[in-house]
Amino acid sequence: MKIMLVVAYNGANYCGSQIQTNGMTIEQKLTDCLFEIFGERYKLTGASRTDAGVHALGNVWCFEADIKMPAEKICYAMNQRLPEDIAVQESLEVPEDFHPRYDVIEKTYEYKILNCKHRRPQNSADTFFYHHPLDVDRMKAATAALIGEHDFTSFSSVHRQTKTTVRTIYSCYVFKEGDIITIRICGNGFLYNMVRIIAGTLIEVGGGKKEPGDIAKILAGKDRALAGPTAPAEGLTLVEIVY
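Residues numbered from 1 in each chain as written. Predicted model: local features only at pLDDT ≥ 70, side-chain atom pairs only at ≥ 80, totals over all residues. Heavy atoms only, no water.

A. Main features of the packing of aromatic side chains. Going through the model one piece at a time under the given rule, you end up with seven aromatic pairs. Ring centres of Phe 38 and Tyr 42 lie 6.2 Å apart, and the angle between their planes is 65 degrees; on these two criteria the pair is classed as edge-to-face. With 5.9 Å between their ring centres and 55 degrees between their planes, Phe 128 and Tyr 130 make a pair best called tilted. Both residues of the pair, Phe 128 and Tyr 130, belong to the buried class. These aromatic residues form a ring-pair network of at least three members: Phe 38, Tyr 42 and Phe 63. A cation over an aromatic ring shows up here: Arg 41 above the ring of Phe 35, its NZ or CZ 4.5 Å from the ring centre. (Phe/Tyr/Trp six-rings, centres within 6.5 Å; stacked < 30°, edge-to-face > 60°. Buried < 20%, exposed > 50% of the residue type's maximum accessible area, 1.4 Å probe, protein only. Lys NZ or Arg CZ within 6 Å of the ring centre and 35° of its normal.)

Shown next as structure tokens:
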């Protein structure tokens, strides 16, 4: 049977989600955990690659296994063995033709900014500390140009490995609660570093370095150099993947 794992994690201590040779990853921990339970090294297929330091509330992996344990019980067995910064939120059986990456309808990310004079250790796990004042209304105004189908070349890393840079953004909200500003963005898919570059650009808008109207010009220019910096990884969380 094919099994889906919905996984939450704090990415601070990992070299990203996908298995690689230069350090421990989320996928490696999941693979090791399944081996401890079932004695097999299953090949995991992930839905969304996250970089070192990026977090998730609901990233998805799938694997095929011939086991007797009910799929819905696997999450309990894994959570007894996984470290505290990784937890499987749900495990369930899915159709054999299901693909965690190609069957995605939409993804939602959040980028959180702690915007105050001094850093707060309590918020260090999942926020980017930025002490210069940010104008949230300016940031909100800038998001309008991002909605819809666009070529996001200007908001993607030059190291991207995709056939097309066209993506559709369904919604993008900026809101503030206390000292924390949240950028919440939902779309049909995202290019490498796209959300972090959007966040870095909106921070420049909020700080007065760019104007809200510049976003449309940046999109039209199709040049990475026109957008703002790539915001640090620690503020980014993959919130949800919808199938």
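B. Main features of the nonpolar core. Leu 5, Leu 30, Phe 63, Met 78, Ile 113, Phe 155 and Ile 183 are the most contacted members of the largest nonpolar core, which totals 69 residues. No other element matches the eight residues that helix 4 (residues 194–206) contributes to this core. Other than its neighbours up to four places away in sequence, Met 78 contacts Leu 5, Leu 30, Cys 33, Leu 34, Ile 37 and Val 88. (Core = buried A, V, L, I, M, F, W, Y, C linked by side-chain atoms within 4.5 Å. Helix = DSSP H or I, 4+ residues; strand = E, 2+ residues; numbered from the N terminus. Contact = heavy atoms within 4.5 Å.)

C. Structural view of unusual backbone geometry. In this structure, Asn 193 is a non-glycine residue whose phi angle is positive, near 70 degrees. Inspection of the secondary structure puts Asn 193 in the loop between strand 9 (180–187) and helix 4. A relative accessible area of 16% places Asn 193 in the buried class. Even without glycine at this site, Lys 222 takes up a positive phi of about 50 degrees. Checked against the element boundaries, Lys 222 lands in the loop between helix 5 (214–221) and strand 10 (236–242).

D. Just helix 1 (residues 26–38), in detail. Spanning 13 residues, helix 1 covers 18 Å between terminal C-alpha atoms, matching the ideal 18 Å at 1.5 Å per step. Residues of helix 1 that are buried: Ile 26, Glu 27, Leu 30, Thr 31, Cys 33 and Leu 34. End-on view of helix 1: buried residues confined to an arc of 160 degrees, all on one side of the axis. For helix 1, the elements touching its buried residues are strand 1 (2–9), strand 3 (55–64), helix 2 (71–79) and strand 4 (86–94). A positive phi of about 75 degrees marks Gly 39, the residue just after helix 1. (Expected span 1.5 Å × (residues − 1). Arc of directions from axis to C-beta.)

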